[in-house]
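Each chain, written out:
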Amino acid sequence: MNLKLSMLFFFIAGIFSLNEILANEWHSHLSYHQINKVVQGDQKIFAANENGLFSYALSDKNFEIRSRVEGLSDTGISAISWTNIKKGLLIGYSNGNLDMLTGNGIVSLPDIKLKTSISRRSINNIYCDGDFAWLSCSFGIVKINLKKWEVAETWIIGPQAAQIAVNEIAADERYFWAATESGVFKADRSNPNLQDYHSWILQDQLPFAQNQFLSIAVFNNLIYTCDNAGHISLFDGTVWQTVLAGIKGTQKIKAFPNAIVLIGAGQMDIISAGSSLKISAYGNLNPSGSSISPSDALMDNSGELWIGDRTFGLIHKTGDGSFLSVVPSSPANNNSHWLTTSGTALYAATGSDNPENPAIPAEIHRLMEQHWSSFNSYSDTKLLGLKDILRVAPSPSGPDHFWASTREGGLLEFEGQSAVKCYNSTNSPLQSANGACKTAGLAFDKTGNLWITNSSVKNQLHVIKSDGTWKSFSYPGIDNQFVSAGDLLISKTDTKWIIVNKTDLFALHTGSSIENTNDDIYRKTSVRSKFSNSTTTVIKGFNQLNSIAEDHDGYLWIGTENGVVLYTIPEALFGDKEFYGVQPSVDLGDGVFHPLLENINVTSIAIDGGNRKWFGTTNSGVFLFSEDGSKLIHHFNTENSPLFSNRVTSIAVMGQTGEVFFATENGLISWMGDATEGKSTFQKLYVWPNPVRETYLGDIYIDGLTEQSEVKITDVAGNLVYKTISNGGRATWNGKNRYGVRAGTGVYLIFCSNRDGSQSRVIKLLFIH
């Protein structure tokens, strides 16, 4: 291979690695800092929470994450266990579903999930031995034949065959021991009829026998169990007795060859021959004054301790006594209420301005260069005591400088990895009402001035000018305690649009300068629309305004409790006529046009690189419509996609890559779209993958286009193979010709021209059939 060709292939490979996330692929962005279950298997440590799990390879320290997006059959993980006979991980769910993850992939056994006669199906624990696994369930015990991958037997062990929740089982050489909501039971392992409840003997001599028992383990031929009051009891083969009375609040017991681990609220105790160790902190990993929250533990084959913690994720206590955090890059938690992007950075604000929602500690998650950072009181003590970050505004200077509004604590400024200042009524023109300094909407204008809304006070609009000085404004309509100025959008015409009380729109156009308010024009209006279905015209008012967005044409889109309102000439608000929007119409196939997303609560709106509209909803998932809203392109919900919830609170598009992020009540997820921001020239035009190998069956992407470019693909003889119009800066080709047949091996020419034909460029693609 000559030098020029080798450099070409290096360049192509580099481009493809940068764009390895293909369009129409889903990616989870779940938190792995809350770990409930930990097991070891084949030189890997597995750690799980309700939403997903990850493995950590002891050899190369690589992570691999798994959720419903990456192949798991369900959500709500409630138990995991390693089976040596199958060299796989068993994964139990709160709805009774069961997965087995091996090197060959994932197989599911949904028998319990599909059992309609059972009201409580949760798999609480999994015990494996040889060819079988025993599932401790909320109704009894299920024995699984691992070789046949089928249910072998179901044991209903409560008195009179009552279904009782079995929290955990353990086994010694002779007996099965079951910790249940109705006490502890034992049964002879050699009994061929353990399906008969008579075979299970209630341990009524156990101290506090009437309590619910949470965990049970066998250590040195002794039976240890703990109840829901934290008492630890031991059976020595003859009598039950309460032991270790000095250890309070034990919730889980784990037995290993050389030690037993007692896990409680805020601490854990490791007891081995002649020694004991109490852990109540993880060294420098948890700040002084913060409590640990262990949930599970593992002694690996080398005797080192691994801890699953509900706040700090997976913790490794090494042989020298130090603590290491072992967590794949992920947000600190799954709180994600509002999203925004800047370049290739994503910011997630976690708080809510709904007074019915409980206040949560101030926190922001940021994804930048494929790495997650979380800004909270654990990473920055200056955030201690602050609540509910509502919005984030990245500075034009770069993604490391950003601002955040809060429900009651004023305005926060961040630089680098920490908050540098909190602005409130004591140190800035911001004002407070009833002790709360409420900030909400944030937006930068074209000259780098930051505009802020400040609710329920006299001056509800402020600006921090690019030189750092402040200016405050008061206008009729947003000038008293009964009015709450909220979300803020600055349009291409420099008009400030503010949602007021979630019911009205306030628009402001500043005149010759910010300082001179004499030539400002402003107006407050309710949101009304006119809709015509060819037979009648309906005027409709809207009582709940949830979101506002401006598209590439300068049109204003409003998300409401009853669909979408569109203003094609928003500046007409400043005229002397009645101000009406329209509801874009959709043909549902019944011959009558209907308002877009009629009777659906639209919570969020985002515009992609192709000027198409994404709509998030309270209970219907997300919709992607064409530029004018007349054509449905995609509708994603929990039934037809990996979307974590049909309640979507925010959507943000990363324009450079086309990735679309969805904030749901159960965590953050993204979908790689087929539209990117259009470029001004074809200077950075490229196609990927290139070459297209015979094993590659996905779409081919032409990136770096101007918006609505015309793209034609021909063979070297000039025969047209395919043509399309780009979505923003990206065009896609499925690799087939006009007749639906995969293109043959050869070099193809890609002709690209911009919308008015003033720019054009040709690039080549090698295609291998």
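Look a little higher up for the structure.
What counts, and where the lines are drawn
Residues numbered from 1 in each chain as written. Predicted model: local features only at pLDDT ≥ 70, side-chain atom pairs only at ≥ 80, totals over all residues. Heavy atoms only, no water. 1 Å grid on protein atoms, 1.4 Å probe; cavity = no way out; pocket = protein on both sides within 12 Å on 5 of 7 lines; lining within 4 Å. Points joined across faces, edges and corners; volume = space filled by probe spheres on them. Nonpolar A, V, L, I, M, F, W, Y, C, P; charged D, E, K, R; others polar. Phe/Tyr/Trp six-rings, centres within 6.5 Å; stacked < 30°, edge-to-face > 60°. Helix = DSSP H or I, 4+ residues; strand = E, 2+ residues; numbered from the N terminus. Buried < 20%, exposed > 50% of the residue type's maximum accessible area, 1.4 Å probe, protein only. Lys NZ or Arg CZ within 6 Å of the ring centre and 35° of its normal. Polar contact = N/O pair within 3.5 Å; in protein donor to acceptor, adjacent residues only side chain to side chain. Contact = heavy atoms within 4.5 Å. Salt bridge = Lys/Arg side-chain N within 4 Å of Asp/Glu carboxyl O. Pairing = 2+ DSSP bridges. Axes fitted to C-alpha atoms, helices over the stretch in contact; angles between N-to-C directions. Core = buried A, V, L, I, M, F, W, Y, C linked by side-chain atoms within 4.5 Å. Patch = residues over 30% accessible without salt bridge, like charges linked within 9 Å, V, L, I, M, F, W, Y side chains within 5 Å. Areas by Shrake-Rupley, 256 points an atom, 1.4 Å probe, with all protein chains shown as cover.

Student: Got a sec to walk through empty space enclosed by the protein? Specific residues and values, please.
Tutor: For the structure shown, the criterion picks out one cavity of 30 Å³ or more. Taken as a whole, the largest cavity spans an internal volume of roughly 40 Å³. Surrounding the largest cavity, His 29, Pro 331, Asn 333, Asn 334, Asn 335, Ser 336, His 365, Gly 667 and Leu 668 form its lining. Taken together, the residues of the lining of the largest cavity break down into two nonpolar, seven polar and no charged.

Student: Describe the packing of aromatic side chains, listing the residues and the values that go with them.
Tutor: Applying the stated criterion across every chain yields a total of 43 aromatic pairs. A centroid spacing of 5.8 Å and a plane angle of 70° characterise the contact between Phe 375 and Phe 414, whose relative ring orientation is edge-to-face. In this pair, Phe 375 is assigned in strand β33 (residues 371-375) and Phe 414 in strand β36 (residues 411-415), connecting sequence segments 39 residues apart. Summarising the burial analysis for this pair, Phe 375 and Phe 414 share the class buried. Consider the rings of Phe 506 and Tyr 522, whose centres lie 6.2 Å apart with planes at 25°: the pair is stacked. Placement of the pair is Phe 506 in strand β44 (residues 504-509) and Tyr 522 in strand β45 (residues 521-526), with a sequence separation of 16 residues. Note on Tyr 522: relative accessible area 36%, which makes it partly exposed. One aromatic cluster in this structure is built from Tyr 127, Phe 132, Trp 134, Trp 155, Phe 176 and Trp 200. When the ring centre of Tyr 175 is taken as reference, the NZ or CZ atom of Lys 186 above it lies at 4.2 Å.

Student: Go over the environment of Gly 71 with me, naming the residues and quoting the values.
Tutor: With respect to the helices and strands, Gly 71 occurs in the loop between β5 (63-67) and β6 (77-83). Gly 71 gets classed as partly exposed once you look at its relative accessible area, which sits at 40%. Residues Gly 71 and Ser 472, spaced 401 residues apart in sequence, show a C-alpha to C-alpha distance of 53 Å.

Student: Before we move on, can you summarise the side chain of Ser 405 with the specific residues and values?
Tutor: Mapped onto the secondary structure, Ser 405 falls in strand β35 (residues 401-406). Of the polar contacts made by the side chain of Ser 405, one reaches the backbone oxygen of Ala 440; its length is 2.7 Å. Setting aside its immediate chain neighbours within four residues, Ser 405 contacts Asp 388, Ile 389, Leu 390, Arg 391, Gly 410, Leu 411, Thr 439, Ala 440 and Leu 442.

Student: So what about the pattern of salt bridges? Which residues, and what values?
Tutor: Inspection of the entire model under this criterion finds 23 salt bridges. In this structure, Asp 380 engages Lys 382 in a salt bridge whose closest nitrogen and oxygen atoms are separated by 3.2 Å. The exposure class of Asp 380 is buried, given its relative accessible area of 5%. Looking at Lys 382, the relative accessible area reads 48%, which means it is partly exposed. A salt bridge links Lys 492 to Glu 550, with the shortest nitrogen-to-oxygen separation between them at 3.9 Å. Taken together, the positions of Lys 492 in the loop between β42 (485-490) and β43 (496-500) and Glu 550 in strand β48 (residues 545-550) put the pair 58 residues apart, joining distant regions of the chain.

Student: Mind laying out the pairing of strand β37 (residues 418-423), listing which residues take part and the relevant values?
Tutor: Summarising the sheet, β36 and β37 pair through five bridges and their orientation is antiparallel. The partner of Leu 411 across the bridge, within β37, is Tyr 423.

Student: Give a description of the environment of Arg 66 that names residues and reports values.
Tutor: Residue placement: Arg 66 occurs in strand β5. When the C-alpha positions of Arg 66 and Ser 28 are compared, they lie 8.8 Å apart, and in sequence the two are 38 residues distant. Apart from the residues within four sequence positions on either side, Arg 66 is in contact with Tyr 32, Gly 52, Leu 53, Leu 72, Leu 101 and Ile 106. Side chain to side chain, Arg 66 and Glu 64 meet in a polar contact 3.2 Å long. A polar side-chain atom of Arg 66 sits 3.0 Å from the main-chain carbonyl oxygen of Glu 70.

Student: Got a sec to walk through the sheet that holds strand β14 (residues 166-171)? Specific residues and values, please.
Tutor: Reading across the sheet, the four strands line up as β14-β15-β16-β17 and stay open at both edges, with antiparallel pairing between neighbours. This sheet does not close on itself; its edge strands, each paired only once, are β14 and β17 (201-202). Bridge analysis of strand β15 (residues 175-180) against strand β16 (residues 183-188) gives six bridges, and the strand direction is antiparallel. Of the residues in β16, the one forming a bridge with Ala 178 is Phe 185.

Student: Any chance you could break down the sheet that holds strand β26 (residues 294-299) for me, citing the residues and the numbers?
Tutor: With respect to topology, four strands assemble into an open sheet ordered β26-β27-β28-β29, the strand pairing being antiparallel. Among the strands making up the open sheet, the edge pair consists of β26 and β29 (323-325). The average undirected angle you get between the axes of adjacent strands in this sheet is 25°.

Student: Break down the nonpolar core for me, citing the residues and quoting the values.
Tutor: Grouped together as the largest cluster of nonpolar side chains are 45 residues, with contacts concentrated most on Ile 279, Trp 614 and Phe 662. Listed in part, the 22 residues of the second largest apolar core include Ile 713, Val 721, Ala 743 and Phe 767.

Student: Which residues make up a nonpolar patch on the surface, and what values do they have?
Tutor: A cluster of nonpolar residues, Val 716, Val 747 and Leu 766, forms a patch on the protein surface that exposes about 240 Å² of accessible area. In this fold, Val 747 is placed in strand β66 (residues 746-753).

Student: I'd like to hear about the pairing of strand β8 (residues 98-102), residue by residue, with values.
Tutor: With four of its five residues buried, β8 lies for the most part within the structure. Relative to β8, strand β7 (residues 88-93) runs antiparallel, the two sharing four bridges. Bridged to Ile 91 within β8 is Asp 99. Between β7 and β8, which follow one another and run antiparallel, lie four residues, and Gly 96 among them has a positive phi close to 95°. Across five bridges, the pairing between β8 and strand β9 (residues 105-109) is antiparallel. Across the sheet, the residue bridging to Met 100 is Val 107, located in β9.

Student: How would you explain the environment of Ile 80 if you had to name every residue and give the values?
Tutor: Residue position: Ile 80 is located in strand β6. Those residues in contact with Ile 80, other than ones at most four positions away along the chain, are Lys 37, Val 38, Val 39, Phe 46, Ala 48, Leu 89, Leu 90, Ile 91 and Ile 126.

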